Structure formats: structure tokens, C-alpha cells
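Each chain, written out:
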Amino acid sequence: MALSDAIVEVQNIVGAISGIKAAPDNPPESINQYPFALSYAYQGTWERMSDWKKGIHVIVCEVHFSRQNLPKAIALAMPYCESIPNALLGNPTLNGTVDTIFEQITYNFGFLPWGGQNDVNIGFRFEIKVKMQSGFV
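This one's a predicted model, so the numbers in the text were calculated from it and none came from an experiment. (Residues numbered from 1 in each chain as written. Predicted model: local features only at pLDDT ≥ 70, side-chain atom pairs only at ≥ 80, totals over all residues. Heavy atoms only, no water.)

(A) Region of the structure containing a nonpolar patch on the surface. On the surface, Ile74, Met78, Tyr107 and Phe109 cluster together into a nonpolar patch covering about 340 Å² of accessible area. Position of Tyr107 relative to the elements: it lies in strand β3 (residues 100-114). Look at Tyr107 and you get partly exposed, because its relative accessible area is 44%. (Patch = residues over 30% accessible without salt bridge, like charges linked within 9 Å, V, L, I, M, F, W, Y side chains within 5 Å. Areas by Shrake-Rupley, 256 points an atom, 1.4 Å probe, with all protein chains shown as cover. Salt bridge = Lys/Arg side-chain N within 4 Å of Asp/Glu carboxyl O. Helix = DSSP H or I, 4+ residues; strand = E, 2+ residues; numbered from the N terminus. Buried < 20%, exposed > 50% of the residue type's maximum accessible area, 1.4 Å probe, protein only.)

In C-alpha cells, the structure reads:
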């Protein structure tokens, strides 16, 4: 298990949700399709447990919508508040890339920065806490 594999799997799961136009494995320089999903490692811990290690990590998944028409963007975004957690919690090992989704998935909704601009996009920022256990390599 590698954290990078879990991040790719979050992108695969979210990218399969109806309506998501793009969910690439690596962040692009620019966004040209909305809604767009982007996932990355945010924070975490590693703990030694005798002869193995346990990691608790937070993967962030952002879902961006263009805010050129703010009321329309908000209306388009709202269904993802449940469909994304449903897809992730319905696959708690993220197809075997983590031991489990740990505790809850949290989210924020609002402006999402991109490319140095703070208010061009609006959307959800999900924080997915995952547990990974393995031996030392």
C-alpha cells in the first residue's frame, strides 16, 4: 500500500461519479473541464507499532466548478455533497489501497483557489482520513 495509490484510487472513484468531467491522476496546469476533481495528500502521521507501522493520512479531494454563473454553479455542486461521500464510504478500502477510511469524511464548501486566483472556482473540499498499516520496507 502506498499513499500515492490511494490518491489515484480516490480520483478513480470520484471520476466515475456521473457528471464529473475530469479527475486526472496528476494535477494539470490549467482546468478546462468542469466539474473537475483533484486529490492530494494533506497531512498525516506514521507511528511505529512494534514490528510494523501505522499511518493515518488525510487525502483532500476538491471538486471545482466555474463560478462565472454563481447560482448555476451552486445548484450543480450541491448533489456532490452526498454522492462523493456515498461513493467513497461504499468502498472503504479504496479498492485495497488503504486498510480503511478512518472515522468521518469532512467537507467545506466555498471558493477554491486555482492557479494563483482565489475566487475563480467554487466547490467542495473533502477531507478523507484513511488508515494504512504495513511492515517496514
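Having seen it, we continue.
(B) The arrangement of the packing of aromatic side chains in detail. Evaluated as defined, the whole model comprises five aromatic pairs. Measuring from centroid to centroid gives 5.6 Å for Tyr107 and Phe124, while their planes differ by 70°, and the two rings are edge-to-face. With Tyr107 in strand β3 and Phe124 in strand β4 (residues 117-135), the pair connects residues that are 17 residues apart, well separated along the chain. Taking relative accessible area as the criterion, Phe124 reaches 1% and is therefore assigned buried. Three or more aromatic residues joined by ring pairs form one cluster here, namely Tyr107, Phe109, Phe124 and Phe126. Above the ring of Trp46, the side-chain terminus of Lys53 is found at 5.1 Å from the ring centroid. (Phe/Tyr/Trp six-rings, centres within 6.5 Å; stacked < 30°, edge-to-face > 60°. Lys NZ or Arg CZ within 6 Å of the ring centre and 35° of its normal.)

(C) Molecular detail of the nonpolar core. If you look at the biggest cluster of nonpolar residues, it comprises 28 residues, and the most contacted ones within it are Val10, Val14, Val63, Ile84, Leu88, Leu94 and Ile128. Elements supplying a minimum of two residues to this core: α1 (3-15), β2 (52-66), α2 (70-77), α3 (80-89), β3 and β4. The element that contributes the greatest number of residues to this core is β4, accounting for six residues. Non-local contacts of Val14, meaning those with residues more than four positions away in its chain, are made with Ile20, Ala37, Cys61, Ile84 and Leu88. If you look at the next biggest cluster of nonpolar residues, it comprises five residues, including Ala22, Ile31, Leu38 and Trp114. (Core = buried A, V, L, I, M, F, W, Y, C linked by side-chain atoms within 4.5 Å. Contact = heavy atoms within 4.5 Å.)

(D) Molecular detail of the pairing of β2. For β2, a buried count of twelve out of 15 residues is recorded, marking the element as mostly surrounded by other parts of the structure. Remark: two residues form the turn of the hairpin made by strand β1 (residues 36-49) and β2, two consecutive strands paired antiparallel; Ser50 in that turn has positive phi of roughly 60°. (Pairing = 2+ DSSP bridges.)

(E) Looking closely at the state of the cysteines. Applying the stated criterion to the full structure yields zero disulfides. Cys81 supplies the cysteine sulfur nearest to Cys61, a cysteine that is in no disulfide, at a spacing of 13 Å. Among the residues examined, Cys61 registers a relative accessible area of 0% and is labelled buried. (Disulfide = S-S within 2.5 Å.)

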